[in-house]
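Given next are the chains, with one letter for each unit.
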Amino acid sequence: MKTDFDFPKKDLIGPVVFRPDFNNFEIINVNQAWSLFFSAGQDDKVLGEETELGKFFTNLLIAVGVTGTLWAIYFSNLG
């Protein structure tokens, strides 16, 4: 059996951010950023290509931060 799959082993193991074809100072989209976060840098395509899910996680993070800040301000002024 002959295969044409000759990918260097050093590029298969390790985070995707250290692969030579990834880090060319290109701008990544929100899904790639969240995919890298959730997969600990192993894959940048976990969430797919559409940006709606990435925007949802970004808005959820902002909402949690704003809610936590308002909660802390409200309950610190009660006592």
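Owing to the predicted nature of the structure, the values given are computational and were not obtained by experimental measurement.

S.K.: Is there a simple way to think about the packing of aromatic side chains in this case?
M.R.: Given two aromatic rings, one states the distance between the centres and the angle between the planes to describe the pair. Counted by the stated rule, this structure contains 8 aromatic pairs. When the centroid spacing of 5.0 Å and the interplanar angle of 80° are considered together, the rings of Tyr74 and Phe75 count as edge-to-face. Classification of Phe75 as partly exposed rests on a relative accessible area of 42%.

S.K.: Which parts of the structure should I look at to understand the pattern of salt bridges?
M.R.: Note that side chains of opposite charge can pair when their charged atoms are close. Taken as a whole, this structure holds 1 salt bridge when the rule is applied. For the salt bridge of Lys45 with Asp44, the shortest nitrogen-to-oxygen distance reads 3.6 Å. Relative accessible area serves as the criterion here: at 45%, Lys45 is assigned to the partly exposed category.

S.K.: Looking at this structure, how should I read the UniProt feature "transmembrane region" (unreviewed entry) in the chain?
M.R.: Here the UniProt-annotated "transmembrane region" (unreviewed entry) positions come out as residues 56–75. Overall, residues 56–75 shows 100% helix and 0% strand. The separation of its end C-alpha atoms is 28 Å.

S.K.: Would you take a moment to explain the confidence of the model for the chain for this structure?
M.R.: Should pLDDT be low for a region, the predicted coordinates there are not to be read in detail. Summary statistics for the chain give a mean pLDDT of 83 and a share of 80% for residues scoring 70 or more. Of all secondary-structure elements in the chain, the lowest mean pLDDT belongs to helix α1 (residues 9–12), at 59, while helix α3 (residues 52–76) reaches the highest, 95.

Cut-offs and rules
- Residues numbered from 1 in each chain as written.
- Predicted model: local features only at pLDDT ≥ 70, side-chain atom pairs only at ≥ 80, totals over all residues.
- Heavy atoms only, no water.
- Phe/Tyr/Trp six-rings, centres within 6.5 Å; stacked < 30°, edge-to-face > 60°.
- Buried < 20%, exposed > 50% of the residue type's maximum accessible area, 1.4 Å probe, protein only.
- Salt bridge = Lys/Arg side-chain N within 4 Å of Asp/Glu carboxyl O.
- UniProt positions renumbered as here; feature names shortened; annotations may be inferred.
- Helix = DSSP H or I, 4+ residues; strand = E, 2+ residues; numbered from the N terminus.
- pLDDT = per-residue confidence, 0-100.

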